[in-house]
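Working through the structure, step by step
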Protein chains: 2
Amino acid sequence: MVRSVWFKIDFASHVPVYKQIKEKFKLLILTGELKPGDFVPSIRTLADDLKVNVNTVARAYRELAMEGVLEPVRGEGYIVRQLNEEGFIRSNIENFVDAVERCKEVGIGIERLMSLLKEIYGRRDDGSEREELGEEL
Amino acid sequence: MVRSVWFKIDFASHVPVYKQIKEKFKLLILTGELKPGDFVPSIRTLADDLKVNVNTVARAYRELAMEGVLEPVRGEGYIVRQLNEEGFIRSNIENFVDAVERCKEVGIGIERLMSLLKEIYGRRDDGSEREELGEEL
DNA sequence: GACTTTGTCATAGTGTACTATTACAGTGGT
DNA sequence: ACCACTGTAATAGTACACTATGACAAAGTC
């Protein structure tokens, strides 16, 4: 509720907007920024913030509700229920594996990926030194 | 020409089919399976093999031609020109970085990614021991 | 009760990806 | 010349994501 601009949508992505929204909320719950019982932004306000249509947000919430992540409360909004962390983490791992396999196919050495890995995990998350990476590429 | 079933399309993916085709050909060129001067499969035969429409393959080839990767030859087909390896590798690296960052956000430890990395690079590419990975996840 | 905010639902229009089908034109082999 | 290939192009229909808009119902506040 309080903070409405939790994330942004990548409109250039092939990934549908409603799916991006779903993923973002799962992440917010996993990281503890949203806890069970919390209200998520109303469909209309989130739609405004993300510059997206109401129906798109509604679809994301509806599907999250079907997955048991959110719980709809008529006239009040949606509250956080619980997340299947297991599955969410797994899908991220699978994504990582895919990325690595493609890098391997393309002939990128393991050392390069290792150093990138260390670099990413080594840096603080304050948003600084995020462009430095360019040189590493 | 000889071998027509070089790859398969993931119809469940959000990534458009024509983009998947483009990526696959770039990969084939990078790995040397297709060399400059080689003919790629005709639009119709590839469309048949991939169980995809002619127009979809045509679009992929057309865009690859616009990027300078392929060269159209009226009445004969498309031949491989050259690939901007630089950019192709970079896009794969970027994809890797994104995947790692998301894993980090989700709270997955660097050790886990490291061991997955080593495992993937350690295995042979004969297609065996590809399901073993499941246990690692 | 009036008002505001919530979610819900229905309608309609747009753009993109993809499909199916047809037709036409250039090239090469016979 | 004929035929079998190539690519090219036009048309049309389907599915999906997304948008815009308006109307309705449930809950909270005053």
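The notes below deal with the structure included here.

Calculation notes
Residues numbered from 1 in each chain as written. Chains lettered and ligands numbered in written order. Predicted model: local features only at pLDDT ≥ 70, side-chain atom pairs only at ≥ 80, totals over all residues. Heavy atoms only, no water. Helix = DSSP H or I, 4+ residues; strand = E, 2+ residues; numbered from the N terminus. Buried < 20%, exposed > 50% of the residue type's maximum accessible area, 1.4 Å probe, protein only. Contact = heavy atoms within 4.5 Å. Areas by Shrake-Rupley, 256 points an atom, 1.4 Å probe, with all protein chains shown as cover. Buried area = accessible area lost by both parts, 1.4 Å probe. Salt bridge = Lys/Arg side-chain N within 4 Å of Asp/Glu carboxyl O. Polar contact = N/O pair within 3.5 Å; in protein donor to acceptor, adjacent residues only side chain to side chain. Nonpolar A, V, L, I, M, F, W, Y, C, P; charged D, E, K, R; others polar. Near = heavy atom within 4 Å. Axes fitted to C-alpha atoms, helices over the stretch in contact; angles between N-to-C directions. Parallel < 35°, antiparallel > 145°, perpendicular 65-115°, else oblique. Left-handed = near helix turned anticlockwise from the far one by under 90°. Least-squares fit on C-alpha atoms with pLDDT ≥ 70 in both.

1. So, the overall build of chain A
- Looking only at helices and strands, chain A has 6 helices and 2 strands in total.
- Taken from N to C terminus, the helices and strands of chain A fall in the order α-α-α-β-β-α-α-α.
- Counting the 137 residues in chain A, one finds 39% classified as buried.
- Partitioning the intrachain contacts of chain A with sequence separation of at least 6 by distance along the chain shows that 50% fall at a separation of at least 24.
- With the model as given, the accessible surface of chain A reaches about 7900 Å², and the carbon-plus-sulfur share is 48%.

2. Examining the interface of chain A and chain B
- Each partner contributes residues to the interface: chain A has 41 residues there, and chain B has 41 residues.
- Overall, the association of chain A and chain B removes approximately 4100 Å² of surface from exposure, summing both partners, and the carbon and sulfur fraction of that is 72%.
- For the chain A face of the interface with chain B, the top three residues by lost area are Phe96(A), Lys104(A) and Tyr121(A), together amounting to 18%.
- Salt-bridge contacts for Glu101(B) lead to Arg123(A); the nearest nitrogen and oxygen are separated by 2.3 Å.
- Scanning the region where chain A abuts chain B turns up 8 residue pairs in polar contact (both at pLDDT 80 or more).
- The set of elements that each furnish at least two residues to the side of chain A that touches chain B consists of α1 (17–30), α4 (85–106), α5 (110–122) and α6 (133–136) of chain A.
- No other element matches the 17 residues that α4(A) contributes to the side of chain A that touches chain B.
- In the side of chain A that touches chain B, the residues fall into 23 nonpolar, 6 polar and 12 charged.

3. Some points on the protein's contact with DNA strand D
- Within the structure, DNA strand D sits among 22 residues, and Val17(A), Asn55(A), Thr56(A), Arg44(B) and Tyr78(B) are positioned closest to it.
- The contact atoms of DNA strand D, taken as those within 4 Å of the protein, divide so that sugar and phosphate hold 64%.
- In the environment of DNA strand D, a sugar or linking oxygen lies 3.5 Å from a nitrogen or oxygen atom belonging to the side chain of Glu76(A).
- One of the side-chain nitrogen or oxygen atoms of Tyr78(B) is found 2.6 Å away from a phosphate oxygen of DNA strand D.
- For the surface near DNA strand D, the element with the most residues is helix α3 (residues 54–66) of chain A, which contributes 3 residues.
- Residues of the surface near DNA strand D, tallied by class, amount to 6 nonpolar, 8 polar and 8 charged.

4. Remarks on the packing of α4(A) against helix α5 (residues 110–122) of chain B
- Packing of α4(A) against α5(B) leaves a shortest axis separation of 10 Å and a crossing angle of 40°. Considering the angle they form, α4(A) stands oblique to α5(B). The interaxial crossing formed by α4(A) with α5(B) has right-handed handedness. Residue-level contacts link Ile89(A), Ile93(A), Phe96(A), Val97(A), Val100(A), Glu101(A), Cys103(A) and Lys104(A) of α4(A) to Arg112(B), Leu113(B), Leu116(B), Leu117(B), Ile120(B) and Tyr121(B) of α5(B).
- A class-by-class count of the residues in the contact of α4(A) with α5(B) yields 11 nonpolar, no polar and 3 charged.

5. Some thoughts on the protein's contact with DNA strand C
- Around DNA strand C sit 22 residues in total, of which Arg44(A), Tyr78(A), Val17(B), Thr56(B) and Arg59(B) are the nearest.
- A share of 64% of the atoms of DNA strand C within 4 Å of the protein falls on sugar and phosphate groups.
- One nitrogen or oxygen atom from the side chain of Tyr78(A) is found 2.7 Å from a phosphate oxygen belonging to DNA strand C.
- Here a phosphate oxygen of DNA strand C sits 3.0 Å away from a polar atom, N or O, in the main chain of Asn53(B).
- If you list the elements that add at least two residues to the surface near DNA strand C, you get α2 (43–50) and β2 (77–80) of chain A together with α1 (17–30) and α3 (54–66) of chain B.
- The leading source of residues in the surface near DNA strand C is α3(B), at 3 residues.
- Of the residues belonging to the surface near DNA strand C, the class tally is 6 nonpolar, 8 polar and 8 charged.

6. Side note on the relation of the copies chain A and chain B
- Superposition record for chain A on chain B: RMSD 0.1 Å, screw rotation 180°, translation along axis 0.0 Å. The superposition operator between the copies reduces to a two-fold rotation axis. Identified as the residue of chain A closest to the rotation axis by C-alpha distance is His14(A), at 3.0 Å.
- A shared binding surface is used by both copies, with 100% of the interface residues of chain A retained as interface residues in chain B.

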